[in-house]
Amino acid sequence: MKINTIALNDFRAFPGPEPTTFHLDGKNLLVYGENGSGKSSLFHALREFFRPEKQSIGPFKNQFTQGNGGTCSVEVVFSEGTKATWSGQTRKVEPDTKRAAMAGASLRASALDYRAILDTNYLHNFDSKPYLTAADNLGKPKLPRRINLFKVAVDSLLGGFRVTPPGGGAVTQTTIRQLWDEVEKQTRLIGGNAQSTPQSVNRACLAFNHGLNTALQQLNPFLQPLLDALGYSDLIVSNLSFGGLAPIHDRLRNKRYFDGQALWLDVQFRAISPDEPQNFLNEARLSALGLAIFLAGRLALVQSAPPDALKLLVLDDVLIGLDQSNRIPVLDVLEDRFNDWQIVLLTHDRLWFETARVRADLSGKWNVVELYASHEADTCYRPTSVTGKADVVEEYLDRADRHLAASDWRASAVYARSAFEMWLKIQCARHDVPIRFSLEPRKLDSNVYFTALEGWVTSHHAKPALAGILNILTLYRDTVFNPGSHSYPTSMSGGELRAATKAMRFVNQSAKFGQSAIHITEKLMNKTGATAEELALAAGYLRVAFIGRLRGMAKNKGLALLFSMEPHKIKPSDLWAAMTAAGWPAKRAPWVAGINTNRAVLLDDWTWPTLLTFTVAQLQSALQAVKQH
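What this report covers is the structure whose coordinates are included nearby.

Rules used throughout
In this convention, every chain numbers its residues from 1, walking through the sequence in written order. Whole-chain, interface and lining totals are the exception, using all residues; otherwise, since this is a predicted model, local features are given only for residues with pLDDT of at least 70 and side-chain atom pairs are given and counted only at 80 or more. Values shown for side chains rest on all heavy atoms present in the structure; no hydrogens or waters enter the calculation. Strands pair, by our definition, only if DSSP identifies at least two bridges between them. Note on conventions: DSSP H or I runs of at least 4 residues are helices, E runs of at least 2 residues are strands, and numbering of each starts at the N terminus. Comment: axis = line fitted to C-alpha atoms, over the contacting stretch for helices; angle = value between 0 and 180 degrees taken between N-to-C directions. Contacts are assigned to residue pairs with any non-hydrogen atoms lying within 4.5 Å of each other. Cavities and pockets were defined on a 1 Å grid built from protein atoms only: a cavity is a group of points that admits a 1.4 Å probe but offers it no way out, a pocket is an open group of points flanked by protein on both sides within 12 Å along at least five of seven lines, and a lining residue is one with an atom within 4 Å of any such point. Grid points are joined across faces, edges and corners, and a volume is the space filled by probe spheres set on the points. Charged residues are taken to be Asp, Glu, Lys and Arg, nonpolar residues to be Ala, Val, Leu, Ile, Met, Phe, Trp, Tyr, Cys and Pro, and polar residues to be all remaining types, Gly included. In protein, a polar contact means a hydrogen-donor-capable atom and an acceptor-capable atom, both N or O and within 3.5 Å, with residues adjacent in sequence counting only if both atoms are side-chain atoms; elsewhere, any N or O pair within 3.5 Å suffices. Note on classification: 1.4 Å probe, protein chains only; a residue is buried when its accessible area is under 20% of the maximum for its type, exposed when over 50%, partly exposed between these limits. The directions from the helix axis to the C-beta atoms form the arc being described. Roughly parallel here means an angle under 35 degrees, roughly antiparallel means over 145, roughly perpendicular means 65 to 115, and every remaining angle is called oblique. If you view the pair so one helix is near and one far, a crossing is left-handed when the near helix is turned anticlockwise from the far one by less than a right angle, and right-handed when it is turned clockwise.

Re the sheet that holds strand β4 (residues 73–78)
Spatial strand order, β2-β1-β4-β5-β6: five strands in an open sheet with antiparallel pairing. With partners counted over all chains shown, the strands left at the sheet margins are β2 (20–23) and β6 (90–94), one partner each. Strand-to-strand twist of the sheet, defined as the mean angle between neighbouring strand axes without regard to direction, takes the value 15°. Pairing of β4 with strand β5 (residues 83–87), which is carried by five bridges, proceeds in the antiparallel orientation. Each bridged residue has a counterpart across the sheet, and for E75 the counterpart in β5 is T85. Where helix α1 (residues 39–49) meets the sheet, its contacts fall on β1 (3–9), β2, β4, β5 and β6, and the angle it forms with β1 comes to roughly 110°.

Structure follows, in structure tokens:
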């Protein structure tokens, strides 16, 4: 089960009467939202919609619409066609036969914000009676102010865990939270002594103790590995252990309660076991620890879930305690350990959004939305939702085209350059291309990535298509793709911008690195109605195939070639001249003549206007000449 769409109508920041719909299409969703844009409203909609307890939607109605916003509602459409609507105090499920599946989905949906992470590293009413031990209650010296996760575990961490009966058997529909509710009901039945206490009190204790310990047995194996994966293997967390509840009898009714409401968090950092981790560890480690605890809880919850149950993880700015370098491992954890979950990641941090977006582009498993606050004449704030593309290069090119159509050439060039730079970074990341290190990241401009990619292509002959692409992009490195050309008066023309954006778009769409350069050349040439830009791209692939064959022949014959610290900058004509000067066997004469006949395509220096003049006939002739060797 996955979510296809979620529609909010007159819900918090999203006024009616028309709903605002977010399209997930069964994928993950990455959301950027500035303050006041409705990001948190989407978070609350997902969290409250999937709460197993019944509650009214009334408190979430937009307070500024004054009855003109329509019905306050949240509607979710699932991948198999089920539609569930929350309006008033009811949830309507269509078809009704899916109601049980919807209830099961509610138990396994998880929504976390930064407050949930804080819950794991500050004290929860430590001095109030429900969280004291029996020794404290007798007036003995206070224990260290340790972190007690009991309330967190019951309320959110493991509250939806479905348990097995104490005597064994199949998993029931009863959850940890429901067992705790029963314990609380039994508190008033605790007598002044054991004899006056009904058996129902002990049965409630037994069931709850068994259920929580079963849940912890599922959680603990995930906890330390998650902390290690987040980059904090130097922080050792002990398995969470629950001693169990026991009724405390007293002749005074107000002193009767359940002892044992304690789930202590014990950690070790570099051989030191702090009594108060919240005062010992830094913010980053506390945040990572809290995130690991909650993620382990999510993985524990689904252990008893049906295979087709919805596994939803909603994270709203949970990483504000981590700097940029410590946030990257979170994406790795989500990709490696939650790859079969549906994830909604919300953030107000633009840099983090752009970083996550590049990763989303690489995986192809995300949809992207940007939210912005806007103000209407009736003083009602209405968020503006912009559906982006997971392919960030395509998105930048779309924006470049929009500015170009408005004759805003400078803005168009900026977006075209942004597409170029992002494409380079994505290719370097995809192919693990090493980049030189700098203490000042702003100095790592597009030239650094381009040069690194060129050098990598030279030593990886299995990637000829990428070399052909670089050949095309070289035409615009000093003009459209050069940031220095945008800050001063420039002779850049609209035609040049159009050519550059078209080339960049074809590059991004046609980079099929698993195919040979010859195969791609033929595919582009034989395309019905091939454009001039597509034929230019075909020429780039063909030239790469030709140069690759030249180098292979030189190696087989042991010929001495020109040396350069940057071999990718050797012109094809220079390479050809060096090899022909070495002499060719007589049987190679027809092939040499064929290459010379097609030197405009294979050997001469190119400019973009020249490339756009190549015809299918010219490319076919050059292709046949290359194949003849």
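That shown, we press on.
Some points on empty space enclosed by the protein
Taking a probe equal in size to a water molecule and rolling it over the atoms shows the remaining empty space. Taken as a whole and assessed by the stated rule, the structure comprises three cavities of 30 Å³ or more. Contributing to the lining of the second largest cavity are L315, D317, V318, L319, I320, R327, L345, L346, T347 and W352. The element best represented in the lining of the second largest cavity is strand β13 (residues 342–347), accounting for three residues. By residue class, the composition of the lining of the second largest cavity is seven nonpolar, one polar and two charged.

So, the sheet that holds strand β15 (residues 384–388)
The strand order across the open sheet built from six strands is β7-β12-β13-β3-β14-β15, with neighbouring strands paired in mixed fashion. The open sheet has two edge strands with one neighbour each: β7 (109–113) and β15. Direction aside, neighbouring strands of the sheet carry axes that sit 15° apart on average. Where strand β14 (residues 366–372) meets β15, five bridges bridge the pair, whose relative direction is antiparallel. Each residue of the ladder has a partner; that of E370, found in β15, is V386. Along the sheet, α1 contacts β3 (28–33), β7, β12 (312–316), β13 and β14; its crossing angle with β12, the most-contacted strand, is approximately 150°.

Considering the side chain of D113
Relative to the assigned elements, D113 resides in strand β7. A polar contact is formed between the side chain of D113 and the side chain of R115, at a distance of 3.1 Å. If we skip the residues at most four places from it in the chain, D113 touches F43, R47, D316 and V318.

Brief notes about helix α19 (residues 572–581)
For α19, the full list of buried residues reads P572, S573, L575, W576 and M579. Angularly, the buried residues of α19 cover 160° about the axis, an arc narrow enough to put them on a single face.

Looking at the packing of helix α5 (residues 150–157) against helix α9 (residues 283–301)
Direction vectors running N to C along α5 and α9 enclose 50°, while the axes themselves pass 11 Å from each other. Here α5 lies oblique to α9, going by the angle between them. In this structure, α5 meets α9 at a crossing whose hand is right-handed. Two secondary-structure elements touch here, α5 through V152, S156 and L157 and α9 through I293, F294, G297, R298 and L301. Grouping the amino acids of the contact of α5 with α9 by side-chain chemistry returns five nonpolar, two polar and one charged.

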